[in-house]
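Letter by letter, the chains look like this.
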Amino acid sequence: DAKTTQPNSMESNEEEPVHLPCNHSTISGTDYIHWYRQLPSQGPEYVIHGLTSNVNNRMASLAIAEDRKSSTLILHRATLRDAAVYYCILRDLYRDDKIIFGKGTRLHILP
Amino acid sequence: DSGVTQTPKHLITATGQRVTLRCSPRSGDLSVYWYQQSLDQGLQFLIQYYNGEERAKGNILERFSAQQFPDLHSELNLSSLELGDSALYFCASSLQGSGNTIYFGEGSWLTVV
């Protein structure tokens, strides 16, 4: 998997939007950008993924830069249950390869 | 519910023993992955199988082995267990294509005493 870079940790207040950045300057044309999160003592959970266009689902939005070298996961209204480690990962469309998880971003939500 | 089923959920065993962790992937998923997560550690990739064949190997100890059966379920065998093997073991599965979203099970907690 191509390398991604994320901040080690971030803080946000409850009920405010959160923008989690990810840099992936070596992304290839067939790489999808995936976001996963891991709540305490649980398995990683799929959040969202996209290729070129911005994506929305019930959990979050994904904003992808025009050159695709960076992306931002947006939680529109953070709750305490969103406190987790968030991982940004690149997955090739045609290759079903292993995922090597980095350290991700630990998101702290302040009540 | 991710659709990936892992058993057992919790397991306590003594040093030197052998255990088997079982994983049923989501219906239709051909790839199975195994990960280890020790306390406050990151997710360490162990091994990947695709349609019964080993596809990739990570930081898997020689005391550990895995296989994927014709019905696509997988087992991770851990032998000569040491205290340091205590960890959460995750199984995940994916379907090739469609951006290759990977789905994780809830994990098997292994405690070696």
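The numbers attached to residues start from 1 for each chain and follow its sequence in the written order. All chains are assigned letters beginning with A, and all ligands numbers beginning with 1, in the order in which they are written. Since the coordinates come from a predicted model, pLDDT governs what is reported: local features require at least 70, and pairs of side-chain atoms require 80 or more to be given and counted, while whole-chain, interface and lining totals use all residues. No hydrogens and no water enter the side-chain calculation; it runs on all heavy atoms of the structure.

J.: Now, about the overall build of chain B: what can you tell me, with residues and values included?
T.: Along chain B, the regular secondary structure elements total zero helices and 11 strands. Helix numbers and strand numbers start at the N terminus; a helix is a DSSP run of H or I with at least 4 residues, a strand a run of E with at least 2. Helices (α) and strands (β) of chain B occur, in sequence order from the N terminus, as β-β-β-β-β-β-β-β-β-β-β. The reference for a compact globule is 2.2 Å times residues^0.38; the radius of gyration itself is calculated from the C-alpha atoms. At 13 Å, chain B has a C-alpha radius of gyration in line with the 13 Å of a compact globule built from 113 residues. Relative accessibility under 20% of the residue-type maximum defines a buried residue, over 50% an exposed one, and the middle range a partly exposed one, all with a 1.4 Å probe and only protein chains included. The buried share of chain B, taken over its 113 residues, is 50%. With residues, only the protein chains shown are counted as cover, and all accessible areas are computed by Shrake-Rupley using a 1.4 Å probe. When the accessible surface of chain B is summed, it comes to about 5,400 Å², and 47% of that surface belongs to carbon and sulfur atoms. When charges are counted, neither His nor the chain ends are considered; positive counts come from Lys and Arg and negative counts from Asp and Glu. In this description, the location of a charge corresponds to atom NZ of lysine, CZ of arginine, CG of aspartate or CD of glutamate. Charge centroids of chain B, computed over 7 positive and 11 negative side chains, lie 3 Å from each other.

J.: Outline the sheet that holds strand β5 (residues 55–56) of chain A, listing residues and values.
T.: Residues and elements named next belong to chain A. DSSP calls a pair of strands paired once it identifies at least 2 bridges connecting them. The strand order across the open sheet formed by four strands is β2-β7-β6-β5, and the pairing between neighbours is antiparallel. Each edge of the open sheet is held by one strand with a lone partner, namely β2 (18–23) and β5. Relative to strand β7 (residues 70–75), β2 runs antiparallel, the two being bridged by six bridges. Residue pairing across strands places Val-18 opposite Leu-75, the latter belonging to β7.

J.: Let's hear about the sheet that holds strand β9 (residues 105–110) of chain A: which residues, and what values?
T.: All names here are of chain A. The sheet built from five strands is open, its strands ordered β1-β9-β8-β3-β4 with mixed pairing. One side of each edge strand has no neighbouring strand; the edge strands of this open sheet are β1 (9–13) and β4 (45–50). On average, each strand axis in the sheet is inclined to that of its neighbour by 25°, with strand direction left out of account. Of the pairings in the sheet, the one linking strand β8 (residues 84–92) to β9 comprises three bridges and is antiparallel in character. Bridge pairing in β9 places Val-85 opposite Arg-106. Lines fitted to C-alpha atoms define the axes, with helix axes restricted to the stretch in contact, and inter-axis angles between N-to-C directions lie between 0 and 180 degrees.

J.: Run through unusual backbone geometry, naming residues and quoting values.
T.: All names here are of chain B. In the segment running from Thr-7 into Pro-8, the intervening peptide bond is cis, with an omega of -10°. The phi dihedral of Asn-51 is positive, around 50°, even though this residue is not glycine. Note on placement: Asn-51 falls in the loop between β5 (44–50) and β6 (53–57). When its relative accessible area of 46% is taken as the criterion, Asn-51 is described as partly exposed. Even without being a glycine, Leu-72 presents a positive backbone phi close to 80°. Considering the arrangement of structural elements, one finds Leu-72 in the loop between β7 (64–68) and β8 (74–78).

By themselves, these observations are geometric and do not establish any function.
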